Each structure stands twice: as structure tokens, then as C-alpha cells.
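# Analysis of the macromolecular model
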Protein chains: 2
Amino acid sequence: MSPKLNRQSRVSDIAKALGVSPTAVSFALNDKPGISTKTRERILAAIAEINWSPHYAARALSDGRTSTIGLVIARSPKAVGSEAFFMQFMTGMQAKLSQRGYGLLFQVATSLERECVIYEQWADQHRVDAVAVVDLHRDDPRPRLLKELGLKAVIAGEKSSLLPSVYIDDKVVMEQMLTHLEERGHKHVTYVAGNKQLRHVSQRAQVALKRRGPKVEVEYTDYTAEQAAAAVRKQLTGTGPTAYVFDNEALTIAGVQTLREAGAQIGRDVAVASLEDSLTCEAMSPPITAIHRDTYRFGEAVADTLLAGEETEPFDLSPRLIERDSTKTVFD
Amino acid sequence: MSPKLNRQSRVSDIAKALGVSPTAVSFALNDKPGISTKTRERILAAIAEINWSPHYAARALSDGRTSTIGLVIARSPKAVGSEAFFMQFMTGMQAKLSQRGYGLLFQVATSLERECVIYEQWADQHRVDAVAVVDLHRDDPRPRLLKELGLKAVIAGEKSSLLPSVYIDDKVVMEQMLTHLEERGHKHVTYVAGNKQLRHVSQRAQVALKRRGPKVEVEYTDYTAEQAAAAVRKQLTGTGPTAYVFDNEALTIAGVQTLREAGAQIGRDVAVASLEDSLTCEAMSPPITAIHRDTYRFGEAVADTLLAGEETEPFDLSPRLIERDSTKTVFD
DNA sequence: CTGAAAGCGCTTACAG
DNA sequence: CTGAAAGCGCTTACAG
């Protein structure tokens, strides 16, 4: 190959050095028809040899595609939420995206409104090809906004009439849990839930309230330890429940502490379970029964849908209940 | 303002509608001198009104700046490492970056070699303005590579002779911990460490081994539960230590389980502490003594250094030991 | 199958 | 202080 070439070269340099046209180089690079196999291979070999990649902005400007997917997470500093979930989700997404040469642009927002502003800017700037939307709310403004902006999007975790989605059946999660508790003889269960505005939370609550069998009370929180503790304390007055179900790790930890302070022995006097599994559930004593899901694979599925285009697919996160000592006692 | 303008407009449209040149619009947009205050304000008002942002790729192509910072994390699926750490770190970085209009491009790599390939591609593509480098190894190839590539970078967590860094004094962490254990009367401590190749791990180990006072043994692991358990079991044969120090949450959890299975009562028969604090340390029973650090603020500092340019600054993550029941007993 | 040329939408010397 | 023009480095009709 020509010694003049290096990774700083432009396609015109490469074309010149190889005695072909820039068009030919571009066709080879983008796997487009229009050049002979021989030419293509010669070009690709030269490119591979000097370890060259095309200028990102130039490519994006001319073909209009950015090869990047955006993800914004709206979370307040207080309600840190489930960090493990997001890290696993992002890692799963990213693994699939990078296989196809896509990048993941990550942003945090302090509110849903700020998140919407970010989408507007991204759309104006042609900053991303598409976005993944998480934590759908009731009356969520995002699907409509994204539709209006013409920004491709996939709703992660919920169904949407406006946009493709990778849908998880969250009802199953609550049903599995209540079935388990029912088998243990519980007649009165308290569900210490997260933000009522979140669709998956209200879905779980609905299942819990409609369910025949154990009587379920729902206490909504903002995911802080304070509100979890308050919810548990409230339930402790009067004839409290024999089992508590918490929405995630943070609530579980806070709830268990409050129960202990009140003198309850977890797993004996009262059952405790979490709808989100984690290392912590395993590590606590007693270990906490939880619903385990493959969040990494969920991230992969969202990325696949994003790259595939318009198709909506139901997705089986195959939640499975992992029984641990915190719910082993049978009540009657 | 002209009704023809909308967010799809280009600077030439805006210029035409306002009766100014594209140059004037660009100057207003980029806060450059060369236009009258009046003109500037008129342009900015028009832009604000239609909520317009310039085309990202076009701007990047012409001024050569991408306004994005890259972060690649090399982690194997097995060694999930400290998810909370990365999430907090990224969130802190992102908060600062977005204030200045910068995005964070996130990528996972399966190995250090793959990480290097990503940097090469990013450099070729002019994909990012700079990168943050985490988890520095001994004989790490990345600083030299990045220097060669001319890719701006900041080393997060370690000093570097080649590149600016936001340096944490990791020795202090181990010293604080050993001082605490010494005060509790421990004469024999085992440090269940992470990957020996990681600089912060070997630094901690060095401090531990050199330290006068308690005798410290070091067991390296790959952060998996299996190796943590093996390390603890090995120490249990013979005259085991009276205290264990674990590098992070995952190791702590696995180690505590192993100690329990061996019949030890944590906090009484044996002391346990973690060099990384987490909700889990708080939630376990007994709660685990740990070193707490403000990872979010660390991320902010790294972002600041990235944006500021070349300066290297020492950074005080103000690690503080949080004493909990797992080390409360005094040995003698 | 190939090449010369225009175009993507900005920024920035350069000349007025 | 302002405007016409070139240029960033690709891709892609378009004509051969």
C-alpha cells in the first residue's frame, strides 16, 4: 500500500493513493454496490492496514445519520432509584449498539420537563438517531412530544400506542409474588410502592388491589428511606399485615430496618419480599425473597428494537421468584 | 419575528429572515465579537423564540469540536464490579458536562485491548473531544496510546506523568481502615483485595503490607464471589485473622457469607469492614463498617478537569470511615 | 462499473 | 461592523 497513507488521511487521499475515485472508497466503506469485488477488497485492505476510520461529523452531515442512540434518565439526587438496574440496562444496550457501530449518549435530567427539553434540542441538532425512553408515567408527555419532533424512539418497559416499545408484563411480577405469599398463608399484605405516577408502579398496584386472596394495602413513596419508614410505621399501628412487599432495593432496606426497630423478626414474625432482586437481597440476614429479572438482556432487546426500526415486540423478561428465608415461615 | 422561521430552519434562513448575514448569526450563536449588541440581541431573541439549535454534525465538522466526552469502562460480565460507583461517577460527570453543552458517550469494552481499539477509532473519527480513563492498571498502555493518538484525556483516580489527572489518595483509605482496626486491638488482618493489576488495589496492598502495627495478609481476587469465598476459606485454616477488610461491596457480601457458613459471628468472633460504602453495608446485619466517599463529586471534578484543559489537580474525595457494628468489638 | 461535481449546514478567514 | 465565499470531509445523485 502507499506509504503516504495514515490514519489522518481523508477519503480523497486514499482514493488518490489507490488510483480510484473517492466514490469508490465511499462505496467500499459503506458496503454499497457499484464497484468490482476486486476494487472493493483492495480498498478495504488499504483501510484496514492503516487502521483508518472516516470522520464522524463529516459522515453524519452528509448521510444524515448520527449512529448514536440517546438515553436520558430523569432522577432526582434524593431518589437515586435503582442504580443497579440502570447500569445493567445501559450495559446491555451498549453491548448490542456497539456491535453495529452505534454509540450511546447518556444524559441525566432533573425532571421530566428538563428531559423533554433535551429531546427538543437533540431533535433540532440532529444529535441522535433515536432515543430509548424509560420510566413511563401516567399521562406521560414524552411519546407525543417525540412523535411531534419526529425523533425515533422506543419505549422501554411499557406499551405505547404512539411508539414502538419493548414491553414487559409487570402484572406477572406482582402476581407471582402474591401467589407465593398466599401459599405461605398470608391474608394481609402491604405493598410499599414507589412513585404512584410511574406506570409500572400503578400497574402493580392495580393487580394487587384487584387480586382475590390476600387483602393488599398499597403505600406509595418517593423511594426515599424516610417515606419507606413512614409507610411501615403507619402499617404497624393497628392490626398490621403479616407480609410486606417492597418495590425495590432501597425501599426494602429501609423497610426492614424499620421493622427491626419495631422489634419484628423478619422471616418469622413478618415476611418481607422485594420486587427487585439484587446482591443486597441475597446478602441480608435473613436473605430476602425477590423477583429476579434479566435487566442486561432487557437492555439488549431495547437496543435491537431501536436498530430494527418500527417493529413492536412483546418481550419476556422471564421474571422468576427467588425464594429466600425472609418468606419461609407459613402463617395461618 | 418572521413567521417563516421554525426549528427546521438553517442559519441562512434565519439570516435572511432577519436581514443579516449568516456570519452575524453564527457570531451571535457562538458569542463571538464582530456584531453590534443590538444585532446580537435581535438574533438571539429570534433563535430563542423558535427554540432553534444548530445542526450538530455541521457545527462539529466546521469547528472541529464535538462537544462530547467519551467514557469507556472495561468490565467482564462476571466481574460486574461496583455498579453503584460507576453510576454515581457518570451521573456526577454528566451533570457538569451538560451545563456546558457537552454530552457523555458511554461504551463498555470486554477488555483493556478492546478499550484501546475504541480510543483509536474515536481518535480517527474525531468522535469525542476528550476521554476520561478509569481503573488504571500497572503498566497501563492507555496513557501512552492516548498521548500518541493526540486524544485529550484525564486519568480519573490515579496520578499520571503523561496526562492530566484527578488524583485520589488511595493510601489514606487503607490507612484510615487499619488505624481503626488497630484501635480495636486487631493484630492480624486479612485484606481481600480486587484485581492485583489495578493500581489502586496494589497501592492499598502496599500500604497494608508496609504498615507497622497489625500484621496484614493480602489475598487478591477477580472480584467474583467464588474467589472471595476461596480467599476467606484459605485464611480460616490455621490461625486466621481477627479482622477482614474487603475491597468492595461484592467481595464483602461473599466474604461475610463464607464466614457465617464457617460458624463465625460477624462483629463478635471476627471483624469485617469494606473499603467501599454502599446501601448494602448499612443494610446487612450487623451493619458493616466502611469507607464512604463522594463518588458523585468525584465525577464532577473529573468533568471540570476535562473541560478546563490541561491542568492537573489533586482532589480530596474526603474519604471517611463510617463505623458500624461489624467492627465494634475490641479484641485483645 | 467509474469519476467529477454538488451538497450536507455550519464556521471563519478575508475583503470591504 | 458586515457580507460573499471558501472550507470542514464525507456521501450520493448524475453523467459517462
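Definitions and cut-offs
Residues numbered from 1 in each chain as written. Chains lettered and ligands numbered in written order. Predicted model: local features only at pLDDT ≥ 70, side-chain atom pairs only at ≥ 80, totals over all residues. Heavy atoms only, no water. Near = heavy atom within 4 Å. Polar contact = N/O pair within 3.5 Å; in protein donor to acceptor, adjacent residues only side chain to side chain. Helix = DSSP H or I, 4+ residues; strand = E, 2+ residues; numbered from the N terminus. Nonpolar A, V, L, I, M, F, W, Y, C, P; charged D, E, K, R; others polar. Salt bridge = Lys/Arg side-chain N within 4 Å of Asp/Glu carboxyl O. Buried < 20%, exposed > 50% of the residue type's maximum accessible area, 1.4 Å probe, protein only. UniProt positions renumbered as here; feature names shortened; annotations may be inferred.

Looking at an unreviewed UniProt entry, one finds chain A named HTH lacI-type domain-containing protein, with Winkia neuii BV029A5 as its source organism.

Attention now goes to the protein's contact with DNA strand D. The full set close to DNA strand D counts 24 residues, and V11, S26 and K32 of chain A together with T23 and G34 of chain B are the nearest of them. Looking at DNA strand D alone, sugar and phosphate atoms form 69% of those within 4 Å of the protein. With respect to DNA strand D, the backbone of V11 of chain A contributes an N or O atom lying 2.9 Å from a phosphate oxygen. For DNA strand D, a base nitrogen lies 3.4 Å from a polar atom in the backbone of A58 of chain A. Of all the secondary-structure elements, those providing two or more residues to the surface near DNA strand D are helix 2 (22-29) and helix 4 (56-63) of chain A together with helix 4 (56-63) of chain B. When residues of the surface near DNA strand D are assigned to their parent elements, the largest contribution, 4 residues, is made by helix 4 of chain A.

The subject of this paragraph is the protein's contact with DNA strand C. The environment of DNA strand C is formed by 23 residues, the closest being T23 and G34 of chain A together with S26, N30 and K32 of chain B. Counted by atom, the contact set of DNA strand C within 4 Å of the protein is 69% sugar and phosphate. Within the side chain of T23 of chain A, a nitrogen or oxygen atom sits 2.4 Å from a base nitrogen of DNA strand C. T23 of chain B places a side-chain nitrogen or oxygen 3.3 Å from a base oxygen of DNA strand C. Broken down by secondary-structure element, the contributors of at least two residues to the surface near DNA strand C are helix 4 of chain A together with helix 2 (22-29) and helix 4 of chain B. In terms of residues, the surface near DNA strand C owes the most to one element, helix 4 of chain B, which gives 4 residues. Considering only residue class, the surface near DNA strand C consists of 8 nonpolar, 11 polar and 4 charged.

Here the focus is the pattern of salt bridges. Residues and elements named next belong to chain A. Enumeration over the complete set of coordinates arrives at 34 salt bridges over all chains. For R142, the salt bridge goes to E115, with nearest N and O atoms at 2.7 Å. Of the two residues, R142 is situated in helix 7 (residues 142-149) and E115 in helix 6 (residues 112-125); the sequence distance between them amounts to 27 residues. Its relative accessible area of 1% is what places R142 among the buried residues.

The feature "domain: HTH lacI-type" (unreviewed entry), as given by UniProt, occupies residues 9-63 of chain A in the numbering adopted here. Here residues 9-63 of chain A is 69% helix and 0% strand, with 20 Å between the C-alpha atoms at its ends.

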